[in-house]
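Each chain, letter by letter, is given below.
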Amino acid sequence: MRTSYKLSLALMLSCAAGNFHTIVQAQSKQVPQLRANNVKQIIAAMTLEEKSKLVVGMGFKMPGMPPPSKDKMNEPIDIGGFKLPPSDPDAYNIPEKVPGAAGRTHGIPRLGIPSMTVSDGPAGLRIEPIRNGDKSKTYYATAFPVATLLASSWDTELVNRVGIAFGNEVREYGVDILLAPGLNIHRNPLGGRNFEYYSEDPLIAGSMTAAIVNGVESNGVGTSIKHYAANNQETNRNSINTIVSERAMRELYLRGFEIAVKKAQPWTVMSSYNKINGTFTSQRHDLLTTILKKEWGFKGFVMTDWFGGADPVAQMKAGNDLIMPGSPSQSAAIVTAVKNGTLDINQLNANVERILNIIIKSPSFTKYKYSDKPDLAGHAKVAREAAAQGMVLLKNDDHALPLKGAKRIAVFGNTSYDIIAGGTGSGDVNKAYTISLMQGLANAGYKLQEKLSKSYTTYLAEMKLKQPKPKNFFDHPAPIPEMDVTGIVADEANGADAALITIGRNAGEGADRKLENDFYLSDAEKAMIKTIASAFHAKGKKVTVVLNIGGVIEVASWRDEVDGILLAWQPGLEAGNAIADVLSGKVNPSGKLATTFPVDYKDVPSANNFPGTPADKPEQVVYEEGIYVGYRYYDAAKVKPAYEFGYGLSYTNFKFSGLKLSSANFTNSITATVTVKNTGNVAGKEVVELYLAAPKKDLDKPEDELKAFGKTRLLAPGQSQTLSFVIKAADLASFYTDRQAWIADEGKYEVKVGSSSRMIEEKASFKLAKDITVEKVNKALMPEQTIKELKL
């Protein structure tokens with residue numbers, strides 16, 4: 001009572017002194033602080049200007065470039081001929097938490113809203129490894145195998161473990177959201193960023209994405225699955241108009257994103273640069289809100305790709321919640337639109353709410369004390385294991401591999417000594433080291449032809465000194481021509497037990513690949529293979545080619561020259577060790593192709609319309625092949641590929657048997673079981689691929705489609721494992737545009753189980769008594785012009 005009396009007396013005295021107004025004013029200045037349960041209260045307390053800053057990023061600080069002077073802050077940024085919009089001064093004035101990160105959101109300290117840091121990239125965290133010139137403390141990240149290799153493992157559990165390791169580095173280096181993974185479909189083998197993406201098949205792409213997202217986000221950090229959607233080329237990527245049918249979009253180009261969203265609920269989705277049927281993806285309400293948020297139930301927020309789209313107000317209306325990297329002019333446009341009534345404040349509030357709901361999950365909000373010391377040694381082991389598991393043995397005549405009897409190896413090819421860990425652009429990683437094939441073989445106990453190795457090392461060092469420095473982020477020096485080995489190959493064939501030749505290819509952001517000297521081997525490369533093969537075969541010795549590539553190349557014209565071909569893809573920083581693990585037999589290869597290798601480029605269904613028209617500077621690209629992408633085309637059109645989808649050899653043999661279906665008639669679902677036995681002499685793993693052939697009632701359909709897959713554990717010789725797969729109504733359905741529905745047609749369905757799309761080991765069938773409308777959806781993404789789609 002005495003305390004209460006004193007407070008009352010003090011208040012009376014204050015009032016008497018004329019201070020009452022001051023007390024009330026002080027109380028009114030108390031504003032809410034962001035918590036996990038008061039997001040709507042925070043939105044109500046935000047000013048319009050604060051909201052406009054939250055939905056627009058802090059700007060872009062180009063690595064290695066000094067900040068623009070004050071009088072040039074509003075001028076475009078020139079990076080070697082590329083013009084970028086003016087940056088927000090905050091990007092330079094507010095110190096970076098993580099130098100080298102791709103961008104930040106605005107913090108609003110008044111309301112306790114922290115800034116979030118986002119960083120590339122798909123194969124490893126992209127940050128500056130050395131800061132302020134101090135080399136005593138480094139911030140290197142693990143370069144994990146590229147996505148195409150991970151998909152070739154067909155092992156979602158393995159990919160999830162990669163994600164867990166990856167996410168640890170994101171968290172411990174102070175980043176909130178990883179701008180990855182990418183999951184666009186391999187529509188054409190010349191796609192410059194195909195290495196960042198998983199597959200030509202949406203089930204593989206979506207399943208791998210969900211696995212790695214769940215792994216990364218188990219660390220309490222976020223991901224941004226990208227590039228949503230139909231971003232299947234780099235040529236004129238910022239403006240290209242993709243003309244595509246709604247069916248092809250829903251069955252192929254959206255399906256992987258749908259799987260990933262429903263299985264993993266990533267924190268964010270990144271809209272792509274391109275237009276779809278006339279409108280930028282970041283400005284399409286049907287794509288971002290109707291389909292993504294309403295039909296699929298996406299709970300996170302959507303951000304643009306860097307400098308994507310053209311109209312910030314249209315982006316807000318579409319449901320593109322965050323514009324990156326952001327500039328003050330975009331925030332100003334949003335404020336003006338709200339004030340003049342062209343942007344509903346409720347829409348802006350919805351955009352803000354989605355961002356705040358992610359911020360409250362972020363390490364920046366929870367004030368996580370990051371260490372800057374992730375377990376890089378442990379992650380390198382994960383990277384090495386994943387790399388070996390995703391390599392694909394394409395050819396192995398007369399047991400050329402493993403190199404059991406060979407003790408001394410002649411190692412040819414520039415890339416054997418200068419291995420390519422991963423692609424370029426935002427997909428590159430600042431790593432502490434990369435193990436070359438030469439190093440990996442030496443580590444595995446093989447003796448190398450020292451004179452040959454020294455010749456390559458000297459040659460490469462001299463040629464690198466002659467290479468011009470890159471002009472900008474997108475510029476990369478041309479590959480060094482292969483060293484001429486004509487005069488030394490005979491001696492090498494005498495001294496070595498076997499020959500290895502590495503063929504390397506690299507690509508990345510900003511440009512698509514070329515046919516000459518890229519998809520096709522150069523004349524010098526073909527001559528090198530022929531010369532080496534002739535010399536070694538004359539001595540009764542084997543020759544194996546290692547493909548250190550990020551995307552598909554032509555192999556049919558030269559593969560008969562050699563005994564073995566190992567597709568190593570781009571295996572990350574432990575590249576040489578992982579390749580040696582497979583070549584030596586320490587790891588039995590179990591990878592399978594998640595993308596088809598055609599015999600020739602002319603066989604590719606999109607060959608005639610990639611990258612669009614007019615040819616000199618494409619403005620639009622028409623997806624005339626429709627749903628017939630990859631094996632869906634090759635199988636239905638009866639076009640024989642060089643190596644089909646799902647293909648991959650092993651050092652042992654497997655037998656499939658006993659395929660059984662739980663019922664001969666479909667009701668709600670059917671379970672398929674099949675047994676796999678290792679009938680060879682070496683322990684190994686096998687991938688089981690389940691394809692479904694549907695009745696063609698009123699709709700053109702592929703010959704078969706992958707509907708489920710699994711991978712056995714490591715089976716010792718003689719061991720067996722039974723795998724089960726559940727087939728649901730959605731797996732039977734195709735998209736009927738005229739009915740705006742996914743419909744499973746009545747009739748006979750054939751289940752095909754095997755080790756590739758063309759190596760079917762077991763078959764069974766069931767019947768569906770009547771049509772099932774699996775899902776009705778909204779009309780969306782309709783083309784503005786008639787598309788003459790391929791029918792088979």
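Residues numbered from 1 in each chain as written. Predicted model: local features only at pLDDT ≥ 70, side-chain atom pairs only at ≥ 80, totals over all residues. Heavy atoms only, no water.

### Structural notes on the sheet that holds strand β17 (residues 564-567)
Moving on, step 1. The mixed open sheet is built from six strands, whose spatial order is β12-β17-β16-β15-β13-β14. Two strands lie at the open edges of the sheet, namely β12 (392-396) and β14 (447-448), each paired on one side alone.
Moving on, step 2. Judged from the six bridges that link them, strand β15 (residues 498-504) and strand β16 (residues 543-548) form a sheet pairing that is parallel. Within β16, the position partnered with Ile503 by the bridge is Leu547. (Pairing = 2+ DSSP bridges. Helix = DSSP H or I, 4+ residues; strand = E, 2+ residues; numbered from the N terminus.)

### Focus: the layout of surface pockets
Moving on, step 1. Each pocket or cavity is described by its volume, and for the second largest pocket that value is around 750 Å³.
Moving on, step 2. Taken together, 33 residues make up the lining of the second largest pocket; nearest its centre are Leu203, Arg255, Ile259, Lys707 and Asp731.
Moving on, step 3. Broken down by secondary-structure element, the contributors of at least two residues to the lining of the second largest pocket are α7 (156-172), α8 (202-217), α10 (255-264), β22 (705-711), β23 (720-728), α25 (729-732) and β28 (772-776).
Moving on, step 4. A total of seven residues in the lining of the second largest pocket trace back to one element, the largest contributor, which is β22.
Moving on, step 5. Residues belonging to the lining of the second largest pocket are distributed by class as follows: 15 nonpolar, five polar and 13 charged. (1 Å grid on protein atoms, 1.4 Å probe; cavity = no way out; pocket = protein on both sides within 12 Å on 5 of 7 lines; lining within 4 Å. Points joined across faces, edges and corners; volume = space filled by probe spheres on them. Nonpolar A, V, L, I, M, F, W, Y, C, P; charged D, E, K, R; others polar.)

### With respect to the packing of α8 against α10
Moving on, step 1. Across the interface, α8 lies against α10 with an axial gap of 8 Å and an inter-helix angle of 35°. The handedness of the crossing between α8 and α10 comes out as right-handed. Counted together, Pro202, Leu203, Gly206, Ser207, Thr209, Ala210, Val213, Asn214 and Glu217 of α8 and Arg255, Gly256, Ile259, Ala260, Lys263 and Ala264 of α10 form the full contact between these two elements.
Moving on, step 2. Partitioned by chemical class, the residues of the contact of α8 with α10 number seven nonpolar, five polar and three charged. (Axes fitted to C-alpha atoms, helices over the stretch in contact; angles between N-to-C directions. Left-handed = near helix turned anticlockwise from the far one by under 90°. Contact = heavy atoms within 4.5 Å.)

### Examining the packing of aromatic side chains
Given two aromatic rings, one states the distance between the centres and the angle between the planes to describe the pair.
Moving on, step 1. Taken as a whole and judged by the stated rule, the model has 20 aromatic pairs.
Moving on, step 2. When the ring of Tyr633 is compared with that of Tyr634, the centres are 5.5 Å apart and the planes differ by 70°; the resulting orientation is edge-to-face.
Moving on, step 3. Here Tyr633 falls in the buried class, since its relative accessible area comes to 15%.
Moving on, step 4. With a relative accessible area of 4%, Tyr634 lands in the buried category.
Moving on, step 5. Chaining the aromatic ring pairs together yields one cluster made of Trp154, Tyr631, Phe645, Tyr691 and Phe709.
Moving on, step 6. Geometry around Tyr623 places Arg187 over its ring, the cationic atom sitting 3.8 Å from the centre.
Moving on, step 7. Here the basic side chain of Lys275 rests over the ring of Phe280, its NZ or CZ set 5.1 Å away from the ring centre. (Phe/Tyr/Trp six-rings, centres within 6.5 Å; stacked < 30°, edge-to-face > 60°. Buried < 20%, exposed > 50% of the residue type's maximum accessible area, 1.4 Å probe, protein only. Lys NZ or Arg CZ within 6 Å of the ring centre and 35° of its normal.)

### Here we look at the sheet that holds strand β18 (residues 620-622)
Moving on, step 1. Read across the open sheet, the four strands follow the order β10-β9-β7-β18; overall the sheet is mixed. Every interior strand has two partners, whereas the edge strands, β10 (279-280) and β18, have only one.

### So, the pattern of salt bridges
Moving on, step 1. Within this structure, the stated rule accounts for 42 salt bridges.
Moving on, step 2. Note that Asp745 is salt-bridged to Lys701, the shortest N-O span being 2.7 Å. Here Asp745 is found in the loop between β25 (741-744) and β26 (747-754), whereas its partner Lys701 is found in the loop between β21 (687-693) and β22, with 44 residues between them in sequence. Like Lys701, Asp745 is buried.
Moving on, step 3. Put simply, Asp704 and Lys752 hold a salt bridge, and the shortest N to O gap is 3.4 Å. Here Asp704, found in the loop between β21 and β22, pairs with Lys752, found in strand β26; they are 48 residues apart in sequence, far enough to count as distant. Take Asp704 and Lys752: they sit in the same class, and that class is buried.
Moving on, step 4. Beyond isolated ion pairs, a larger network of salt bridges with shared partners links Arg193, Glu196, Glu234, Arg237 and Glu509. (Salt bridge = Lys/Arg side-chain N within 4 Å of Asp/Glu carboxyl O.)

### Some thoughts on empty space enclosed by the protein
Moving on, step 1. Counted according to the given criterion, the structure contains eight cavities of 30 Å³ or more.
Moving on, step 2. Put simply, the largest cavity is a space of about 140 Å³.
Moving on, step 3. In this structure, the largest cavity is lined by 18 residues; those nearest its centre are His186, Pro189, Glu200, Thr595 and Thr596.
Moving on, step 4. Split by residue class, the lining of the largest cavity holds seven nonpolar, nine polar and two charged.
Moving on, step 5. The volume enclosed by the second largest cavity comes to roughly 80 Å³.

### Considerations on the nonpolar core
Moving on, step 1. Membership of the largest hydrophobic core comes to 83 residues, with the highest contact counts inside it found for Phe412, Ile532, Phe536, Leu547, Trp558, Leu583 and Phe597.
Moving on, step 2. No other element matches helix α23 (residues 575-584), which puts six residues into this core.
Moving on, step 3. Once residues within four sequence positions are removed from consideration, Ile532 is found in contact with Phe412, Val485, Val489, Ala499, Ile501 and Val543.
Moving on, step 4. Judged by nonpolar contacts, the second largest core, of 78 residues, contains Tyr139, Ala180, Ile276 and Phe645. (Core = buried A, V, L, I, M, F, W, Y, C linked by side-chain atoms within 4.5 Å.)

### Regarding the confidence of the model for the protein chain
Moving on, step 1. Within the protein chain, residue pLDDT values average 94, and 93% of them lie at 70 or more.
Moving on, step 2. Here residues 1-28 scores under 50 on pLDDT; set against residues more than four positions off or in separate chains, the count is five contacts. (pLDDT = per-residue confidence, 0-100.)

### Quick look at the pairing of β15
Moving on, step 1. Taking burial as the measure, the seven residues of β15 include seven buried ones, the bulk of the element.
Moving on, step 2. Alternating positions in β15 separate into two faces, Ala498, Leu500, Thr502 and Gly504 on one and Ala499, Ile501 and Ile503 on the other, with burial throughout.
Moving on, step 3. The pairing of strand β13 (residues 408-412) with β15 spans four bridges and is classified as parallel. Along β15, the bridge assignment pairs Ile409 with Ala498.

### With respect to the packing of α7 against helix α16 (residues 376-390)
Moving on, step 1. Remark: α7 packs on α16, axes separated minimally by 10 Å, with the N-to-C direction vectors making an angle of 150°. Taken as axis vectors, α7 and α16 run roughly antiparallel relative to one another. Both α7 and α16 take part in a crossing whose hand is left-handed. Contacts between α7 and α16 pair Leu158, Arg161, Val162, Ala165, Asn168 and Glu169 from the former with Leu376, His379, Val382, Glu385, Ala386 and Gln389 from the latter.
Moving on, step 2. Residue composition of the contact of α7 with α16, by class: six nonpolar, three polar and three charged. (Parallel < 35°, antiparallel > 145°, perpendicular 65-115°, else oblique.)

### Details of the side chain of Lys293
Moving on, step 1. Within the fold, Lys293 resides in helix α11 (residues 285-295).
Moving on, step 2. Lys293 sits in the buried class, given a relative accessible area of 11%.
Moving on, step 3. Not counting the four nearest positions on each side in its chain, Lys293 is found in contact with Leu288, Phe298, Val302, Gly319, Asp321 and Arg354.

### Focus on the side chain of Glu482
Moving on, step 1. Summarising the element assignment, Glu482 is placed in the loop between α19 (450-466) and α20 (489-495).
Moving on, step 2. The charged side chain of Glu482 is buried without a salt bridge, its nearest counter-charge being Arg505 at 6.6 Å.
Moving on, step 3. For Glu482, the side chain forms a polar contact with the main-chain nitrogen of Asn414, separated by 3.0 Å.
Moving on, step 4. Sequence-distant contacts of Glu482, that is, excluding residues within four places in its chain, are made with Gly413, Asn414, Tyr456, Tyr459, Thr502, Glu525 and Met528. (Lys, Arg positive; Asp, Glu negative; His and termini not counted. Polar contact = N/O pair within 3.5 Å; in protein donor to acceptor, adjacent residues only side chain to side chain.)

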